[in-house]
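Secondary and tertiary structure notes
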Amino acid sequence: MGFIIAVLFIEIIGIFLVTTALKREEYTCSGSEVVSLSFFVGMFFISLQTLVFYLYDIPLSFKNVVALPAVMLLLIIARYVSRPERLKETLISRENNAWTGFEKCLMAGMIFQFLWIIFLTLPVPIHSHDAVANYALKAKMLYFSGMVPEGFFRFGEATVSHPDYPPLLPFIMNWIYTFTGFNDVTVRMIMPVIYLMSSVLFYSLLRRIFDRKYSLLTVFILATIPQFYDYATIIHTDLVLTAFVTCALTYFVLYIRTGIKIQAILSAFLFGAALWVKNEAVVFAGAFVLLFAVLILRSDAANRRKTSRDMVSALVTLTVIALPWFFVRFFHAVLNSDINPMNVTGGRILQNIKDIPVLLDLFQQEVFGPKKWNIFWIIMASCMIWKRKVLWKNENFYIMAFLLITAAGYFAGYMLTTGNNLFFYVNTTISRFMLHFTGITLLLAAFLCRDEYRETQ
Amino acid sequence: MVLWLFFMGREDKDDQYRDLFSMYKANYTEKVQSLIGTELYDFLVSCKTSLSEGATYNISGFKEFSIYEVRARYFLWPLRSINQDADYELRFGPDREDIVGYKEYKRHANGSIYERVGL
């Protein structure tokens, strides 16, 4: 019960902030988009609030942490319960055609998949290596300290792994403990919720572009990739980052198609919030900024000024969202142990370059390994080869460029690793890192294959 | 689509489903015991009850990068693991040894606790 209340509060915070912003921008969206987007906005707010409490030495007591969300709840009640018709100002009403047998099968498959994830998650305490060493231990520290303890981001590695890592997930876990008490079995259920919300948000965004059947099919593929749903059963940030960057890029693609400013801002918000999830988000946020600049250069003279103004708004959003964490990261946290600039020498880089065949070998094992990926990467590669003539056309250009830039960023990251040998890093991270690219690649494939789909209809 | 569905089936790797069902039946203590092993669990409980809150320790007796060491650190919090000059040295395993600057504080069937001299 405590867990459900904790999640509901995340939703309430998000709904308050999202509906306020959308109403201001006169932007309408589906109920599913409001609910799922609100969840991610709410998670970010909880993290921000926890960090502010840290900066001002405020205890994370129940009274303190629910004070502001409770005010938001009252405002929502005041805004919508007395006049529910106000909701219509924000929500899109779509035609509700009867579902076909195929659509029902896809939906049933996804519901079954979700229930299966819950079945796998429900009875087991936190146990996987990184989950325990990093996120769960931090959340336990927060809960038993009753606040973010002094030096929390500077503890030695003997105390907690990677004290400098972005704090969103441990902060959210501590938020749940505030309602459930310390319970490292129940807290794992946040991952299936994140899986569900990311699938729903991705679907809602796809629905703005494709019809229901095609959107459902696309989300079905994502939701049933073994690696994707496996990471919904353990406390790890990789699924969370995948959710943030996939939806952020989809909002950006929507913006490219429509020119609606709030879509660029939502994209910037999600990229900024991703920086609170995992350090690797820097690569995605950087690629977003770069591609926005390219969009300005490629837009015609009539649109260039508006696109430039929108980019400034997006950059401001990204900076404001990322700033509190980066402030703490630079002034209160230890250096990252895996990429230490002091140890990046020519000899070390040369050694990493010599080990590139190791990287490629492990990469091909992932691509052709059905255990983790089903035939996902084979399908994606086939799509790109088959549709190579339109690979760089329209919005495909931006998704493709985004993929290449971010993949190059990850590759450069591998080449700059210094703490251990390249095999160690690639072997322990490549399957997780490839997860970050699944949603984006699938989005590209959805665009590439839509003409064929249309012809079959 | 057919191929996709074909590859969706998952084998029961290392009896994971049997373990999962046993987790459904177990209480919390049994779950933790099953994850970290009864011997380590008993030793850690002994450490937790013997050491004063907020004390620092260094634990050993595991292989490098052992998940059990990580789980032990997690289990023992708010006791804090540090590398050097810890208040206590915790040795998991039956071997006894002399540690410079530490004296034996408590002996357990599955390990020993050493206290820093002058603590």
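Now for a quick tour of the structure. (Residues numbered from 1 in each chain as written. Chains lettered and ligands numbered in written order. Predicted model: local features only at pLDDT ≥ 70, side-chain atom pairs only at ≥ 80, totals over all residues. Heavy atoms only, no water.)

The next thing to look at is unusual backbone geometry. For the bond from Trp-77 of chain B to Pro-78 of chain B, the omega torsion is 20 degrees, close enough to zero to count as cis. Structurally, Pro-78 of chain B is set in the loop between α5 (67-76) and β2 (80-81). Although it is not a glycine, Asp-57 of chain A sits at a positive phi angle of roughly 55 degrees. With respect to the helices and strands, Asp-57 of chain A occurs in the loop between α2 (31-55) and α3 (62-81). (Helix = DSSP H or I, 4+ residues; strand = E, 2+ residues; numbered from the N terminus.)

All names here are of chain A. Contact pair helix α11 (residues 261-274) / helix α13 (residues 301-331): the axes reach a minimum separation of 8 Å and the direction vectors enclose 30 degrees. Looking at the two axes, α11 sits roughly parallel to α13. With respect to the hand of their crossing, α11 and α13 are arranged in right-handed fashion. Counted together, Lys-261, Ala-264, Ile-265, Ala-268, Phe-269, Phe-271, Gly-272 and Ala-273 of α11 and Lys-306, Asp-310, Ser-313, Ala-314, Thr-317, Leu-318 and Ile-321 of α13 form the full contact between these two elements. Class assignment of the residues belonging to the contact of α11 with α13 gives a composition of nine nonpolar, three polar and three charged. (Axes fitted to C-alpha atoms, helices over the stretch in contact; angles between N-to-C directions. Parallel < 35°, antiparallel > 145°, perpendicular 65-115°, else oblique. Left-handed = near helix turned anticlockwise from the far one by under 90°. Contact = heavy atoms within 4.5 Å. Nonpolar A, V, L, I, M, F, W, Y, C, P; charged D, E, K, R; others polar.)

Residues and elements named next belong to chain B. Most of strand β1 (residues 56-60) sits out of view: four of its five residues are buried. With two bridges joining them, β1 and β2 adopt parallel strand pairing. Considered in β2, the bridge of Tyr-57 is made with Ser-81. When β1 meets strand β3 (residues 88-92), the two strands line up parallel, connected through four bridges. Bridging across to β3, Asn-58 finds its partner in Glu-89. (Buried < 20%, exposed > 50% of the residue type's maximum accessible area, 1.4 Å probe, protein only. Pairing = 2+ DSSP bridges.)

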